[in-house]
Each structure stands twice: as structure tokens, then as C-alpha cells.
Amino acid sequence: MPNASSWSVSSPLLLLWEDSSGTRIFLSLLYAVLAISGTLSNVMVIYLVFSFKKLQTTSNAFIVNGCAADLSVCALWMPQEAVLGLLPPNSSSLRSAEYRLLREGLLGLGLTVSLASHLLVAFNRSLECYAVEMRRQVFCSVKAFEMEVIPAVRVVARIGETLILTCNTTGCALPNFSWRTQMDYPLGGKVYNNKTYSTLTMSPVSAENYNDYLCTVICDKEKKEKSVKVELYSFPSDPVIETTASLVVGETATVICKVHAVIFEVHDVFPADHLELLLKKEEHILHSKTFEGDISTKTETKTVAYSFNLATEDNGKEITCVARLQIAGMDFEPKERSTSLKLNANFGPQNTFINASPGNLSMEGHSLKLTCVTESNPPAQVFWRKHLAKETIQHFVENNVLSIPHAHFTDSGQYICEVINPVTNKTEKASVNIVIQAPPKNTTLTVFPSSSVKEGESVIISCTATGVPTVQIILEKKIGDVITTLKTEDGKYTIDKAQLKDAGKYECTFTNKFGNHSLDVELDVKVPPQNITVLVYPSENVKEGENITIVCSTYSNPPSQMILKKVNQEREIILPVVNGTFTLYNVTKNDTGRYLLDVFNEVGNNIKVIEIAVVGKLEKPDQILPLIIAFSCVTAVAIPVVAILIYVSRKAKINGSYSLVKALRLKV
């Protein structure tokens, strides 16, 4: 290490004569780094000033001078010092006085020129400020160039409204304004520049305006910037509640709460990541969901859904969807919106029954109402019908009520109410038995096969009636004043073999506590001619000129007709009859022959054969007189007999029917 006298006389600058080799190497490397970086920096500044006209100002000219002086130190002096630090301390080149003078001259020149350049820059700036203030006749110290943005720092705006940002300046006569976003997104508004202020108008505000806006002002080459943060919100409408298409009791129902979060539309919620949705049934919270961290800006709908098994008691309950938009530091109203919906649960039909007013039993002529009662939502469709009735119900039907203004006995029966729910497609039925009380109705009295029958045929007499209470049926036979009550079975009376005695009037009486009614019929038993008796007066053998009387009596119903015919080969002779009596006057031999007596009615007939013989007259007078006397006697007896027969016939009211036995008895 050198002594103190040698250090002070001959040591290089910056103590490069340090004996420690480590220190010398470190200082040499430092000089090398400074030399390289300084040279590059100063060359870059000089290049930029000479390359761009906007930078070619007076102040920058002085700066270029300073950079040239610094360049001489960094490019010439520092490299030498770095090399000398690596040489041995006793090297003869370091002790050369001329070399030391050169190095010290370069350093002194560089420092002097650099210092002078900075002094000139400061002086030039003062002159510029003074000149500007002189033009405005204002001193620099009174009004400096300032700017402000209104609203400042932060503004909260609702999407869809109009927002105006204003950038004001003071202390500058001709400011130059420009607006931009921090991330160089589109402004989303219109810029209007005035002399001392500029406005950025966003109308309407949309989600793309959610940004930091910077206003830049340049005044005489001086630039200033200020930013304002635009925060947005949108909560314009209530949430929407949706349910499954058909809410049916017993099935799973899904309730959905929706909020539109489309950031490009005015009617949507923004920002969606602060949205909270709740679903409540009455006051009970069913489900809730928050969308924190959801920064989606796409077209999207925020939803919350809840499914549950629908019960009958849920019908009419209120489902509420609550949407909350909670943003810290933002004061706006409303921050909560809600929508309610009453559940319309479809169910039924169930518990169906028919209510009869005034009751199941009603009097004929009174009004009757049948009401079909059921539980159903929506109201069920009601259809009425009557059991076993072929025709449709003709009564007045309104909704679920069947009205019968004047009940008739035929309205009795089973009524069926069928209810159908068109939504659930379920069907239920109810029935009621209606009884209309009335006097005997539909009374009939019939005779089978007919009310007029032949003797020996079977006859059934039937009495039928309907009515409530039950009708009592009594069958009676009336002949004159004689009344006989007949025993019937289910209203029927049977005559196995009809006789004439069975003919007569039959009467059915129908009775219940509300009234009675009677019907009668006349039974006619038809009998063919029977018990025919033929009497010939005076005899079947007579003489010419005498009269022959033929009397016929019979038993029949209806009364018989009689025809007396003489059988002749050439022609048939029919003789007239009067009350069953045929008379041949002044018979001759030509009247001799066979006569047929045909007795008939609509039921049958009977034929009797009579042989008549006529002989010639007597020639002796003494023989004629006895004959005349005998004839007179016979006539005297026959006439009363005939009169008695006629009387008996009329008395029996059977025209043409005679009984010889009775006639003889009467005669006796």
C-alpha cells in the first residue's frame, strides 16, 4: 500500500489506487455498467428529440446539450476508469501527468456542460410561464392550470336513465379535452367540448357504461387526467312466478321464480351477481338462492325452482317470490321486489252426493229440486240421467241443480248425477231414489182374451195400478143388487171354464190413503143354441085346407135366429118366422115334404128335421062335422097354450127362446 504523500500527489480519481484487488474489480465493474447504461440512455434521448417534431422545443434543446455532456462522461471517461482499476497500482501509464490531465478535463467538461444545461432548462421554463401569464395578464402564482370531473371519483346510475359526466378546467385559455375508458372500451356516449369544459352524455345508460372513465386535458403542452368510476344498477320490475302447466292434487308441482338478467336490456336486473331469490309459501321459506360470483354478461335468466307434492289444503295458498338486490355502498330504492301467486290446485271430483229438497218423498204436484254437490277444482261438469230411462231428462237443469216444478208420479225413480273434471279427467257418480206419492195411478181393468167369450173358454180378469203408498185392489162381481167379492192373486182372477152364470159386471176398486178409483167391465159369455124344442100344431099329418103352426123354443146367448126351409130338389123355400113361430096356412098336398128348422147364433147352430104330410079332403058331409068340432076343440086349447108360451118368452127377456115344460106347468 502507498504512503500518504504518494496518494495525494499521484492517485487517480475515485480512489482507484485501493490496494485491495477485490475492491478495484468491483469498482471497475460498476464503472463499466454505468458507462454502458448511461451511453444507451443518452443516445436514446437525443434520438427521440431529433426524430419527433413535437419534442423539438427549447427546453428539450437544452436537455439534448446535457445528454451530450453526459454522453462524453459515460462513453469516454468511465471506460478508462474501469480499465485503470484492473491495472497494477504501480503501472507507469497511471503516473503520466498528461494522461491524468486528459481524464480530469473530460470529467470536468462533462459535469460543467450538464449542470449548465439543466440551469438553462429551468430558466426557459420560467420564461415560458412568464410569457403565458403576461398574455393573460395574470401572474403564475395567482391561478395555476387545474381540472376537475363532476361527479367526482364515483357515481351511481340506473340503467335506462341519462348520465352526464362533466370535465371542467381553470387556468387554461385553450384546453384540449379527450375522454377514454380505463380499459379502452367504447365510450358508450356522446362527447361535447366547450371552451373550458367537456361533457360525456350517456343516454340511455347501458351495462357497457359500467367502467372507469378518464378525462385528459392538455393545456400548453401540460397534461392532466382525472377519473370517475361509473357504477350501475337496474331493478326495474318484479320477478315472475311460473308453475307447471297443470297443478293436480297428489302430483308433483314445480314453482319457478324468474328474474331476467340480460344486461343489454333496460328491463333486466343488473348486476346479477348481487341478486338473491327466495321462494315462500305463505310465510314459510321453501327455497333461496344467491348468484354471488356470477359475472355473466350473456343473455340469461336467473331462476330458482322448488318442487313439492301438491295437497288439497294447498289450494288458495299464496306463493311469493322475493328478489333482493343488495349492493354495498349504493343507495337506491327499491332493493327488494316480490310477486305473489295463489295456488290453483286442481282436484276432484270427490265426496259427491245428491241433496233432495224438500226430501226423497214428495207429493205429486209439488216442486222438487235435486242438487248435485261435489268438491272439485275447476268446477266439475254435471250430467243428469234417470236409471233405466230411455229418453233424456226433460226437466229444467241449471248448473248442478235439477228442478221439477210440478212433480208427477212418473218422476219417481233413481236419479244419477255424474260429475267430470275436465282437467284431472276424473269422474264420480252419485244417485238418489225419488218417490212421488200420489193416489192410485195407471189403473187398468183387463179381461183376457176378451170381455166377450164363448162358453167353456178360460177367462183372466186383471186389475193393475201404481202408486205410493201401495194401492189396495178389490175385485167384485155385481149382478143386480147382489155383490160378490172375488179372491184375486196379484190382482188377477181366473175363470177356468166360463159359464153363462159367470156373465155379469165386474168392478175393480183401487185404494190408498191419498184416494181411490174404480173401473168396471161387463163379461159376456156366449152360448150356442141348446135344448131346442119343436112343437107342430095340430099335427105333422093334416088334411088339405088346415093350418099348421110350428113353435120352436131354445136356450142360447145371444138370442138365436131361426130359419124354416122346405127341401125341394128344384128350389129351396124359406118360410118367415114370428117370435119363433112358423105358420102354414091352408096347406095343400104340395106342402107335403121335409122341412129343416135351422136354429143359430154367432156361436153355433142346430138343425131339426120336420116331416109334414097333407092328405085330401073328406067327401061325406056327416064326416066333416065331427072334424070341425074336433078342430074347434083343439083350437080352443092351443090358443091359450100359445099365449102362455109367448108370455113366458117375454118374461125371460130371451126373444125366440121357449120352454115347453114351463108352459105346460103354467097351464096346469
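What you see is a predicted model; the values in this text were computed from it and never measured. (Residues numbered from 1 in each chain as written. Predicted model: local features only at pLDDT ≥ 70, side-chain atom pairs only at ≥ 80, totals over all residues. Heavy atoms only, no water.)

For the rest of this paragraph, the subject is the overall build of the protein. Helix and strand counts for the protein come out as six helices and 38 strands. Burial analysis of the protein (668 residues in total) assigns 35% to the buried set. Residue pairs in contact within the protein that sit at least 24 positions apart in sequence constitute 64% of those at least 6 positions apart. Here the protein displays about 39,100 Å² of accessible surface, and carbon together with sulfur accounts for 56% of that area. (Helix = DSSP H or I, 4+ residues; strand = E, 2+ residues; numbered from the N terminus. Buried < 20%, exposed > 50% of the residue type's maximum accessible area, 1.4 Å probe, protein only. Contact = heavy atoms within 4.5 Å. Areas by Shrake-Rupley, 256 points an atom, 1.4 Å probe, with all protein chains shown as cover.)

A separate point is the UniProt feature "transmembrane region" (unreviewed entry) in the protein. Those residues carrying the UniProt feature "transmembrane region" (unreviewed entry) are residues 25–50, 105–123 and 624–648 in this numbering. Spanning residues 25–50, this segment combines 100% helix with 0% strand, and its end C-alpha atoms are found 38 Å apart. End-to-end, the C-alpha atoms of residues 105–123 are 27 Å apart, and along that stretch the chain is 100% helix and 0% strand. (UniProt positions renumbered as here; feature names shortened; annotations may be inferred.)

Geometrically, the link from Gly 348 to Pro 349 is a cis peptide bond, its omega value of 5 degrees lying close to zero. Mapped onto the elements, Pro 349 comes out in strand β16 (residues 347–357). Backbone geometry places Val 153, a non-glycine residue, at a positive phi of 65 degrees. Take Val 153: it is sitting in strand β2 (residues 153–158).

Over its 27 residues, helix α3 (residues 58–84) runs 39 Å from end to end, which matches the ideal 39 Å to within 8%, given 1.5 Å per residue. In the structure, α3 departs most strongly from a straight axis at Trp 77, where the bend amounts to approximately 30 degrees and where the proline Pro 79 lies between one and four residues downstream. (Expected span 1.5 Å × (residues − 1). Bend = angle between axes of the 7 residues up to and from the residue.)

Let's shift gears to the state of the cysteines. Applying the stated rule across the entire model yields five disulfides. Bridging Cys 257 to Cys 321, the disulfide has an S-S length of 1.4 Å. Judged by the sign of its S-S torsion, about -40 degrees, the cystine formed by Cys 257 and Cys 321 is left-handed. Taken as a pair, Cys 257 in strand β10 (residues 252–260) and Cys 321 in strand β14 (residues 318–325) lie far apart in primary sequence, 64 residues in all. Both residues of the pair, Cys 257 and Cys 321, belong to the buried class. Shown here is the disulfide that connects Cys 372 with Cys 417, its sulfur atoms set 1.8 Å apart. Looking down the S-S bond of the Cys 372 and Cys 417 bridge, the torsion is -70 degrees, so its handedness is left-handed. Taken together, the positions of Cys 372 in strand β18 (residues 368–377) and Cys 417 in strand β22 (residues 413–421) put the pair 45 residues apart, joining distant regions of the chain. (Disulfide = S-S within 2.5 Å.)

We now examine helix α2 (residues 21–51). Taking 1.5 Å per residue as the helical rise, α2 with its 31 residues ought to reach 45 Å, and the 45 Å between its terminal C-alpha atoms agrees with that figure. Residues of α2 that are buried include every one of Arg 24, Ser 28, Tyr 31, Ala 35, Gly 38, Asn 42, Ile 46 and Val 49, and no others. Looking at the buried positions of α2, the neighbouring elements they touch are α3.

Glancing now at the side chain of Thr 339. Summarising the element assignment, Thr 339 is placed in strand β15 (residues 336–342). Here Pro 239 takes part through its backbone oxygen, which lies 2.6 Å from a polar atom of the side chain of Thr 339. Contacts of Thr 339, omitting those with residues within four sequence positions, involve Asp 238, Pro 239, Ile 241, Ile 319, Thr 320 and Cys 321. (Polar contact = N/O pair within 3.5 Å; in protein donor to acceptor, adjacent residues only side chain to side chain.)

A few words now on the sheet that holds strand β9 (residues 240–243). Strand order in the open sheet formed by three strands is β9-β10-β13, and the pairing between neighbours is antiparallel. Both outer strands of the open sheet, β9 and β13 (301–309), are each paired with one neighbouring strand and no more. Going across the sheet, the axis of each strand differs from the next one's by a mean of 20 degrees, ignoring polarity. Relative to β10, β9 is paired through four bridges, and the arrangement is antiparallel. When the sheet's bridge partners are listed, Thr 243 is paired in β10 with Val 255. (Pairing = 2+ DSSP bridges. Axes fitted to C-alpha atoms, helices over the stretch in contact; angles between N-to-C directions.)

Note that strand β1 (residues 146–150) and strand β3 (residues 163–170) share five bridges and pair antiparallel. Bridged to Ile 150 within β3 is Thr 166. Where β3 and strand β6 (residues 197–202) come together, six bridges link them in antiparallel fashion. Bridge pairing links Asn 168 to Tyr 197 in β6.

Looking at the secondary structure, you find Leu 279 in strand β11 (residues 275–281). Sequence separation between Leu 279 and Cys 321 is 42 residues, and the spatial gap between their C-alpha atoms is 4.8 Å.

Our next topic: the sheet that holds strand β12 (residues 284–290). Spatially, β12-β11-β14-β15 is the arrangement adopted by the four strands of the open sheet, whose pairing is antiparallel. Both edges of this open sheet fall to β12 and β15, since each of them pairs with a single strand only. The mean inter-strand angle of the sheet, taken between neighbouring strand axes irrespective of direction, is 15 degrees. Two elements, β14 and β15, share seven bridges in a ladder whose sense is antiparallel. Bridge pairing in β15 links Val 322 to Ser 338.

Bringing the pattern of salt bridges into the picture now. Here the structure, examined in full by the defined rule, presents 13 salt bridges. Salt-bridge contacts for Lys 229 lead to Asp 212; the nearest nitrogen and oxygen are separated by 3.8 Å. On the criterion of sequence distance, the pair formed by Lys 229 in strand β8 (residues 222–233) and Asp 212 in strand β7 (residues 211–219) is long-range, its members being 17 residues apart. For Lys 229, a relative accessible area of 32% translates into the label partly exposed. For Lys 281, the salt bridge is made with Asp 314, and the minimal N-O distance between the two is 3.4 Å. One end of the pair, Lys 281, is in strand β11; the other, Asp 314, is in the loop between β13 and β14, and 33 residues separate them in sequence. (Salt bridge = Lys/Arg side-chain N within 4 Å of Asp/Glu carboxyl O.)

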